[in-house]
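As a plain string of letters, each chain reads:
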Amino acid sequence: FAAQRHVLTYMEDAVSQLLENREDISQYGIARFFTEYFNSVRQGTHILFREFSFVQATPHNRTSFLRTFWRCFRTVGKNGGKYSNICCYLLTAQEYHCLLQLLCPDFPMELTQKAARIVLMDDAMDCLMSFSDFLFAFQIQFYYSEFLESVAAIYQDLLAGKNPNTVIVPTSSSGQHRQRQSPNDCHPLEGVEASLFYQCLESLCDRSKYSCPPSALVKEMMSSAQRMTFYGFLMALAKDQGINRALGALPDKGDLFLDPAMDQELEKLVAQVSGLSVSGPASSSTDIANMPVRNSPRINSPWKPLQHRRKMDAESEGSNEETDSSEN
């Protein structure tokens, strides 16, 4: 059970964060730190602003990152919706990558480009994509990245007339950096025989130690096709709602822009910001103190720059007090 849930990964990370931030943590105790750390793991907020190596370290981390990305930026996809006056509808791969880096500063551009190619089917990385198209393609590329690297190798062998008897299971590092051939190099219009392709994928799923989509759903998805291209397979994975439900990170496409809990929090935040702008400088410090920006210490997303952020906050609060006193 411990290995399946990657308990050791989280214990090592918790101890590492404890040692790095021991001066801050000593103020409220080690027991409270571990409690809040594992609560954040359970809630899925532990991946916020963390390094990419940690974000992709476990399946739970990956689903947590996908869910967080959706909840933070789903209003990007609202066309004519409540927040459409401050959000764009179509973005480029580079712009989506900037959004990803807001949550994970060192998120690799290569993964974003691979997700974009699932949607665009070519190398035109400056083309615009809808949020929903990019999100579901990104989900497949990010969560199943090692699996897709093996699928790409199998597909190339089948194109070359080889029968891949050896299942290729890349390491996590090779999955990040290996270059995938472009669709023009893979003869995408020809494809490979779907039944033979599925047999190889079934064997891969049985032997791979990395996350794979359910074999039954892949078989159902490919059953109606006689031949299939690599990018056609990726697009089918991205559009399959059964695979999306099995992964469990995102809602169905029809419910993609529905999140009542987040909408309620946004409405509260907008109301508070509006109140600050109306109240004027005299009451600004009181309003800021009443805003629930820091309900708890920053243990929900423990990472190294913790002390630096608190020092900046303290300096900011000091500058506000000086401004208020000078105005008075």
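Residues numbered from 1 in each chain as written. Predicted model: local features only at pLDDT ≥ 70, side-chain atom pairs only at ≥ 80, totals over all residues. Heavy atoms only, no water.

## Here we look at the environment of C200
Stage number 1. One can find C200 in helix α11 (residues 194-207).
Stage number 2. Distance from C200 to P164, taken between C-alpha atoms, is 7.3 Å for residues 36 residues apart in sequence.
Stage number 3. Ignoring anything within four residues of it in the chain, the contact list for C200 reads I154, L158, N163 and P164. (Helix = DSSP H or I, 4+ residues; strand = E, 2+ residues; numbered from the N terminus. Contact = heavy atoms within 4.5 Å.)

## A closer look at the pattern of salt bridges
Stage number 1. According to the stated counting rule, one finds 8 salt bridges in the structure shown.
Stage number 2. We note a salt bridge from R62 to E146, for which the minimum N-O separation is 2.8 Å. Within this pair, whereas R62 is found in helix α5 (residues 59-73), its partner E146 is found in helix α9 (residues 145-159), the two being separated by 84 residues in sequence.
Stage number 3. Accessibility expressed as a relative area gives 7% for R62, which makes it buried.
Stage number 4. The residue E149 makes a salt bridge to K114 at a minimum N-O spacing of 2.6 Å. Placement of the pair is E149 in helix α9 and K114 in helix α7 (residues 109-120), with a sequence separation of 35 residues.
Stage number 5. Through salt bridges with shared partners, a single network forms among D13, R50 and E51. (Salt bridge = Lys/Arg side-chain N within 4 Å of Asp/Glu carboxyl O. Buried < 20%, exposed > 50% of the residue type's maximum accessible area, 1.4 Å probe, protein only.)

## Quick look at the packing of helix α1 (residues 7-20) against helix α3 (residues 30-43)
Stage number 1. Taken N-terminus to C-terminus, the directions of α1 and α3 make an angle of 135°; their axes are 11 Å apart at the nearest point. In terms of orientation, α1 and α3 fall into the oblique class. With respect to the hand of their crossing, α1 and α3 are arranged in right-handed fashion. For the pair α1 and α3, contact is made by Y10, M11, D13, A14, V15, Q17 and L18 and by I30, F33, F34, Y37, F38 and V41, respectively.
Stage number 2. Classifying every residue of the contact of α1 with α3 by side-chain character gives 11 nonpolar, 1 polar and 1 charged. (Axes fitted to C-alpha atoms, helices over the stretch in contact; angles between N-to-C directions. Parallel < 35°, antiparallel > 145°, perpendicular 65-115°, else oblique. Left-handed = near helix turned anticlockwise from the far one by under 90°. Nonpolar A, V, L, I, M, F, W, Y, C, P; charged D, E, K, R; others polar.)

## Looking at the nonpolar core
Stage number 1. Ranked by size, the top nonpolar core spans 74 residues in total, and within it F65, F197 and F233 carry the most contacts.
Stage number 2. Broken down by element, the residue count for this core peaks at 9 residues, all from helix α8 (residues 131-143).
Stage number 3. When near neighbours in sequence (up to four residues on either side) are disregarded, F197 contacts V151, I154, Y155, L158, V192, M222 and F233. (Core = buried A, V, L, I, M, F, W, Y, C linked by side-chain atoms within 4.5 Å.)

## What about the confidence of the model for the protein?
Detailed reading of the predicted model is not advised wherever pLDDT is low.
Stage number 1. Mean pLDDT over the protein works out to 79, with 70% of the residues at or above the 70 mark.
Stage number 2. The low-confidence segment residues 182-188 (pLDDT under 50) makes 10 contacts with residues lying over four places distant or belonging to another chain. (pLDDT = per-residue confidence, 0-100.)

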